[in-house]
Amino acid sequence: MPESKQLPMESAMTTVSGVQFTPFDPSSSDVRLQDIAHGLANLCRASGQTQFFYSVGLHSIYVSQDLAARGHSRRRQLIGLLHDAQEAYINDLVSPVKAHLEEYQHLEAGVEDAVWDAFGLEPTESDLAVVKESDRRLCRHELGVVLPDAPDGQPNTEVAYDLWAGQHRDVASWFTDRAEQLVAATDATLPQ
């Protein structure tokens, strides 16, 4: 098992790789691709209020692929793949709740910074804006498919992802493979 900080048990969580991750004092040395891929593959979008299980991991893969299809660099594709990585460690809250919880937003930003640092990435505001636009575009499509009665959902034929078919793949392995390919094609680094 990797060496980790000695903190009270209630301040840390054990990840699938055996790391003791401390969300309120996150360290990039405790970030693992395996933990991110596993966590996101097992985390359902929209707080589980979907017609079928649709993971954050699969959504992240599709954001990365959407950026590729729109001609963005592999670095931005990697940022897109990792844009929700902090949720592997602290879960997610639906937007109407998250908007009112400043402390959660601070916690989320700290974990996100640890993830960026672990991968040797420093996304610019421009990078994040491009990824956010792709994220929102896909979110509208996803809602139209997994929650057809959602007011913001609009299935989009220009977004060529079959959300149901993607569920039949090993999402954690797919996520890991995509991350490794993108890291190899950029100046980013793989955490342990």
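Placed above this text is the structure.
Residues numbered from 1 in each chain as written. Predicted model: local features only at pLDDT ≥ 70, side-chain atom pairs only at ≥ 80, totals over all residues. Heavy atoms only, no water.

Undergrad: In this structure, what is going on with the side chain of His83? I would like to understand it.
TA: When you line up the elements, His83 lands in the loop between α3 (74-81) and α4 (87-90). According to the relative accessible area criterion, His83 is buried, its value standing at 10%. Only 3.3 Å separates the side chain of His83 from the side chain of His59, close enough to count as a polar contact. With residues near it in sequence (within four places) discarded, His83 still touches His59, Ser60, Val63, Glu112, Trp116, Val131 and Asp135. (Helix = DSSP H or I, 4+ residues; strand = E, 2+ residues; numbered from the N terminus. Buried < 20%, exposed > 50% of the residue type's maximum accessible area, 1.4 Å probe, protein only. Polar contact = N/O pair within 3.5 Å; in protein donor to acceptor, adjacent residues only side chain to side chain. Contact = heavy atoms within 4.5 Å.)

Undergrad: I'm lost on the packing of aromatic side chains in this one. Help?
TA: Centre distance and the angle of the planes are the two values used to describe a pair of aromatic rings. Enumeration according to the criterion identifies two aromatic pairs in this entry. For the ring pair Phe21 and Tyr89, a centre distance of 4.0 Å and an interplane angle of 20° mean the geometry is stacked. In this pair, Phe21 sits in strand β2 (residues 20-21) while Tyr89 sits in helix α4, placing the two residues 68 residues apart along the sequence. With relative accessibility at 5%, the residue Tyr89 sits in the buried group. Seen in terms of ring centroids, Tyr62 and Trp174 are 6.1 Å apart; in terms of plane orientation they differ by 85°. Their pairing is edge-to-face. A residue pair is termed long-range when its members are at least 10 positions apart, and Tyr62 in helix α2 (residues 56-69) and Trp174 in helix α9 (residues 171-184) qualify at 112 residues. Assessed through its relative accessible area of 4%, Tyr62 is described here as buried. Judged by its relative accessible area of 13%, Trp174 is buried. (Phe/Tyr/Trp six-rings, centres within 6.5 Å; stacked < 30°, edge-to-face > 60°.)

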